[in-house]
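So you can see what is in the structure, the chains are spelled out below.
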Amino acid sequence: MVILLSNAPDLLLAKRIAHVLVEEHLAACVNLGGTVLSMYMWEGVLEGTEEIPLTIKTTIARAPQLVARLAQLHPYEVPEILVLPVSGGSTSYLDWCRSQTVSDPSST
């Protein structure tokens, strides 16, 4: 299992991204956080942008497809997409995540 971290510029787009990733079985679950303020340098200028954080759970096997799809759905030129390993957790939850991210859900 891996967790992907990203963000969206607003709640409507965050919901759309989450919906697509789960519906396409690329993610088992996407958590949308409350609005945060992201501070970063962009083209030499300090920016402060409100964003909606996304925490995305998937398998390591599905991560490359999820990264590619997220990049397609995201409006930013350089979206934040980080893949973090999961070192453990509830066996039943991890099994559920795996079952939700198979390419053909009818095969489970």
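Quick look at the structure, then. What you see is a predicted model; the values in this text were computed from it and never measured.

Cut-offs and rules
- Residues numbered from 1 in each chain as written.
- Predicted model: local features only at pLDDT ≥ 70, side-chain atom pairs only at ≥ 80, totals over all residues.
- Heavy atoms only, no water.
- Helix = DSSP H or I, 4+ residues; strand = E, 2+ residues; numbered from the N terminus.
- Buried < 20%, exposed > 50% of the residue type's maximum accessible area, 1.4 Å probe, protein only.
- Contact = heavy atoms within 4.5 Å.
- Salt bridge = Lys/Arg side-chain N within 4 Å of Asp/Glu carboxyl O.
- Lys, Arg positive; Asp, Glu negative; His and termini not counted.
- Polar contact = N/O pair within 3.5 Å; in protein donor to acceptor, adjacent residues only side chain to side chain.
- Pairing = 2+ DSSP bridges.

Regarding the overall build of the protein
- The number of helices and strands found in the protein is three helices and five strands.
- Starting at the N terminus and walking to the C terminus, you meet the elements of the protein as β-α-β-β-β-α-β-α.
- Its C-alpha atoms put the protein at 50 × 25 × 25 Å along the principal axes.
- Burial statistics for the protein: of 108 residues in total, 31% are counted as buried.
- Long-range pairs, those at least 24 residues apart, make up 70% of the contacts in the protein with a sequence separation of at least 6.

Some remarks on the pattern of salt bridges
- Applying the stated criterion across every chain yields a total of two salt bridges.
- In this structure, the salt-bridge partner of Glu24 is Arg69, at a minimum N-O distance of 2.9 Å. You can see Glu24 sitting in the loop between helix H1 (11-23) and strand E2 (29-32) and its partner Arg69 sitting in helix H2 (residues 63-73), a full 45 residues away along the chain.
- Of the residues examined, Glu24 reaches a relative accessible area of 33% and is grouped as partly exposed.
- Taking relative accessible area as the criterion, Arg69 reaches 22% and is therefore assigned partly exposed.
- Where Arg98 meets Asp95, a salt bridge forms, and the shortest distance between an N and an O atom there is 3.0 Å. Taken together, the residues span about one helical turn, with Arg98 and Asp95 both in helix H3 (residues 91-100) at a distance of three residues.

Description of unusual backbone geometry
- In this model, His25 sits at a positive phi of 60°, which is unusual for a non-glycine residue.
- Note that His25 resides in the loop between H1 and E2.
- On the basis of relative accessibility, which here comes to 22%, the residue His25 falls in the partly exposed class.

Details of the side chain of Glu51
- Within the secondary structure, Glu51 sits in strand E4 (residues 45-58).
- One buried charged residue, Glu51, forms no salt bridge at all, with the nearest opposite charge on Arg16 at 16 Å.
- Among the polar contacts made by the side chain of Glu51, one reaches the side chain of Tyr76 at a distance of 2.8 Å.
- Sequence-distant contacts of Glu51, that is, excluding residues within four places in its chain, are made with Asn7, Ala8, Gly34, Thr35, Val36, Ser38 and Tyr76.

Section: the pairing of E4
- The pairing of strand E1 (residues 2-8) with E4 spans seven bridges and is classified as antiparallel. Note that in E4 the partner of Leu4 across the bridge is Ile56.
- Taken together, the four bridges between E2 and E4 define a ladder with antiparallel strand orientation. Opposite Val30, over in E4, you have Ile56 as the bridge partner.
- Here strand E3 (residues 36-42) hands over to E4 after two residues, with Glu43 in that stretch at a positive phi of 50°.

Remember, this is a structural readout, not a statement about activity or role.
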